[in-house]
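Chain by chain, the residues run as shown.
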Amino acid sequence: WEVDSGAEAVVDRRSGEAWRFDHAFGPEVSTSQLFGVCARDVVDSFCDGFNGTIFAYGQTASGKTFTMQGDGRTDGVIQMAVQELFRIICSRPDNQYIMSTSYLEIYNEQVFDLLSAESNEVRVLDDQQGGLELRNLTAKRVTSGPEDILSCLELGDRRRHKG
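Before going into details, it helps to say that this report is about the structure given with it. Throughout, a residue's number is its position along its own chain's written sequence, starting from 1. Per-residue local features are limited, in this predicted model, to residues with pLDDT of at least 70; the limit for side-chain atom pairs, both in listing and counting, is 80 or more; totals at the level of whole chains, interfaces and linings are taken over all residues. To get the side-chain values, take all heavy atoms of the structure and skip hydrogens and water.

Attention now moves to the layout of surface pockets. Taken as a whole, the largest pocket encloses approximately 2,200 Å³ of empty space. With a 1 Å grid laid over protein atoms only, a set of points is called a cavity when a 1.4 Å probe fits there but cannot get out and a pocket when it is open yet has protein on both sides within 12 Å along at least five of seven lines; lining residues have an atom within 4 Å of a point. Lining the largest pocket we find 44 residues, and of these I54, F55, M68, Y103 and L104 sit closest to its centre. The numbering of helices and of strands both runs from the N terminus, where a helix is a DSSP run of H or I of at least 4 residues and a strand a run of E of at least 2. Of all the elements in the fold, those that place two or more residues in the lining of the largest pocket are α1 (31–47), α2 (64–69), α3 (77–90), β4 (99–101), β5 (104–107) and α4 (146–159). Looking at the lining of the largest pocket, the element that brings in the most residues is α2, giving 5 residues. Residue classes follow a fixed rule: Ala, Val, Leu, Ile, Met, Phe, Trp, Tyr, Cys and Pro count as nonpolar, while Asp, Glu, Lys and Arg count as charged, and any other residue, Gly among them, counts as polar. When its residues are assigned to classes, the lining of the largest pocket shows 24 nonpolar, 15 polar and 5 charged. Grid points are joined across faces, edges and corners, and a volume is the space filled by probe spheres set on the points. Of the volumes computed, that of the second largest pocket is approximately 1,300 Å³. Forming the walls of the second largest pocket are 34 residues, and the residues nearest its centre are H23, F25, L34, Y57 and T67. Secondary structure elements with two or more residues in the lining of the second largest pocket: β1 (2–4), α1 and α2. Ranked by residue count, the leading element in the lining of the second largest pocket is α1, at 5 residues.

So this is what it looks like as structure tokens:
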């Protein structure tokens, strides 16, 4: 496989078959550049009242965790999104925000609450409005700033399935 950034595609080197995407990044692209192209607008829209998801998908050992969480020296997309979120909130002093954070993991087709000490399986149900209800998912209130969210992520990371 190789990334053809100009064509926004991933190309199979043997067959030449290409899969096109809105964006395709090779290993030379920094997480900060990726955030600027793909994730910043999601955070901005979220602060305007829209739902948003930043999702990493790929095969094992393809760099999802590094891209999303960084490595302790370099921030990942999550840390950048949290910082951007609070930058926007602080720039809008006339608005009020109520925020909570949850952290879940999908592992072997089961959904787990990573903020619960009991490691409960989260039930995914349809609600009466046609949306999703995540039953048994912890929601911790954010009261002081980015550190509330980042500490939840650190706790959840220790509870993730590894392997």
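Having seen it, we continue.
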